[in-house]
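Secondary and tertiary structure notes
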Amino acid sequence: MKEVTYSSTRGEGIKLSASMAVLKGLASDGGLFVPDHIPTLDKSLKELAEMDYQGLAYEVMKLFLTDYTEDELKKCIAAAYDSKFDTEEIAPLSESCGSYYLELFHGATIAFKDMALSLLPHLMTTAAKKNGLDKEIVILTATSGDTGKAALAGFADVPGTRIVVFYPKSGVSPIQEKQMVTQKGANTMVVGIHGNFDDAQTGVKKIFGDKEFAKELDEKGFVFSSANSINIGRLVPQVCYYVWAYTRLLKEERIKDGDQINVCVPTGNFGNILAAFYAKNMGLPIKKLICASNTNKVLFDFFESGTYDRNREFHVTSSPSMDILISSNLERLIYMIAGNDVKRCAELMGELSGNGKYSISDSEKKGLADFYGGYADEKETSEQIAKIYKTSGYVIDTHTAVASFVCDKYKAETRDDTPVVIASTASPYKFTRSVMNSIDPEYDKKTDFELIDDLCKISNVEIPQAIEDIRTAPVLHKTECDIDEMKTVIAGFLK
Ligand SMILES: *Cc1c(COP(=O)(O)O)cnc(C)c1O
């Protein structure tokens, strides 16, 4: 098998093995680690269609994580995709109103972040062992709501690790917040910041770039890493479920071998849809990548105009995990469409941090041909939830609804009748109030837990364990801080 090495999007610098890139998280020049080439699937789609999720995940990930041995990788996969998921299929595909919903929310924290974050702690501790790292790994994470809990659940009580999560104090759903602040585990810390997700993410990136702080902590026996989707160990596991979705359609004879599909992804940090783009580049027959945004439609505007401009009002929406103006993983796409040119990529990212915007050239814009951008405002999102429920009885969450709306719009506009797989990124139980109010505004009079019981009645879907768990759980984390206090808070935790 051809080795894949990883280097920064912003500098020639060193080439790292996959396990070292997983350990480091973010390159020291502020860039993101990218593979030197995207490997090609080495099994046919027909062969892959006969495998279970774990087997297929191995076949995809072995191609990216080439310095992990077969035994190491298989052990990581077995530990990640087990009974924490409430379905053996791990990621079932459900047909509704002419589209296929790939349900990525059957893990411990009922959002798609579990697909990668169940695996990342195992990839990381294995990497530490392989590379003889004798430091305690401190995971720093900024969250728009779902990454935080999924990372906490993954890393809680994992020996040799600690985890600090920063979330926007007024920018997550009540259930998301309750899930995080009730997290157990002596190695965990959860902090509400007075700012939005971009503030949290920028703050964390700044701390990663702080060489003096890193040195100080190194002397105390700590090393930082990231559980955000900037970590290549988050991205690679996400490639698998697109291959999985395709092979389910093949196995159920909904498509023929080689037929194309479209994928539609509710997008924030651009991690999930980038994974689909990697899958396409591995040879998976994907035609269009439909990128769905909420009112924070910075990506839609980028696909329209070729200018990425974060200088705009920030909206708090009913799909908070997509309330993002700086989509970090877009940098990996920019790097590719600029012809793997690190200087050009660094130049554009410099403009983004300096003026808050950049424009790509006409020839670079050609590299975006596989993408279609769309967005749904609050009303459209809410109406889509009601429409899908009233037509089919299927209840989708607010994020999935954004994608579902954009998917319908794409179909109407283009008359493209290629089968579409919509990434269904969260359980409706995670955003119960917004979901139930969309179905009937009368529900707003009820309490959160009454709504949960009502949702169970109307959807015939069992209440997930993650929700049962927080009904009575005590709040264990009460720390809040300003944006400029994040470093102090970390230093305090690591005393
Ligand atoms: C994180 C998240 C998204 C956005 O995914 P990105 O990889 O950041 O684009 C969408 N929906 C839900 C429910 C999420 O948790």
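Just so you know, these numbers come straight off a predicted model, no measurement behind them.

Let's talk about the sheet that holds strand β4 (residues 99-103)
In space, the six strands of this open sheet follow the order β3-β4-β14-β9-β10-β13, with mixed pairing throughout. The outermost strands of the open sheet, each flanked by one partner alone, are β3 (93-96) and β13 (371-375). Here the average twist between neighbouring strands, direction ignored, is 25 degrees. Sheet topology note: the β4/strand β14 (residues 420-424) ladder contains four bridges and is parallel. Residue E103 lies in a different strand from β14, and its bridge partner there is S424. Along the sheet, helix α12 (residues 271-281) makes contact with β9 (261-266), β10 (286-293), β13 and β14, crossing β10 at roughly 175 degrees.

Details of the packing of aromatic side chains
Per the counting criterion, the structure on display carries 18 aromatic pairs. Residues F302 and F303 carry aromatic rings whose centres are separated by 5.6 Å and whose planes lie at 55 degrees to one another, so their mutual orientation is tilted. A centroid spacing of 5.6 Å and a plane angle of 10 degrees characterise the contact between Y308 and Y358, whose relative ring orientation is stacked. With Y308 in strand β11 (residues 307-309) and Y358 in strand β12 (residues 357-359), the pair connects residues that are 50 residues apart, well separated along the chain.

Observations regarding the layout of surface pockets
By rolling a water-sized probe across the atoms, one finds the places where empty space is left. In this structure, the largest pocket spans a volume of roughly 1,000 Å³. Sorting the residues of the lining of the largest pocket by element identifies α1 (18-24), α9 (197-209), α10 (211-219), β8 (222-226), α14 (330-337) and α15 (342-355) as the ones contributing at least two each. The greatest single-element share of the lining of the largest pocket, amounting to seven residues, is contributed by α9. Split into classes, the residues belonging to the lining of the largest pocket amount to 20 nonpolar, ten polar and ten charged. Taken as a whole, the second largest pocket holds about 410 Å³ of empty space.

Rules of the game
Residues numbered from 1 in each chain as written. Predicted model: local features only at pLDDT ≥ 70, side-chain atom pairs only at ≥ 80, totals over all residues. Heavy atoms only, no water. Pairing = 2+ DSSP bridges. Helix = DSSP H or I, 4+ residues; strand = E, 2+ residues; numbered from the N terminus. Axes fitted to C-alpha atoms, helices over the stretch in contact; angles between N-to-C directions. Contact = heavy atoms within 4.5 Å. Phe/Tyr/Trp six-rings, centres within 6.5 Å; stacked < 30°, edge-to-face > 60°. 1 Å grid on protein atoms, 1.4 Å probe; cavity = no way out; pocket = protein on both sides within 12 Å on 5 of 7 lines; lining within 4 Å. Points joined across faces, edges and corners; volume = space filled by probe spheres on them. Nonpolar A, V, L, I, M, F, W, Y, C, P; charged D, E, K, R; others polar.

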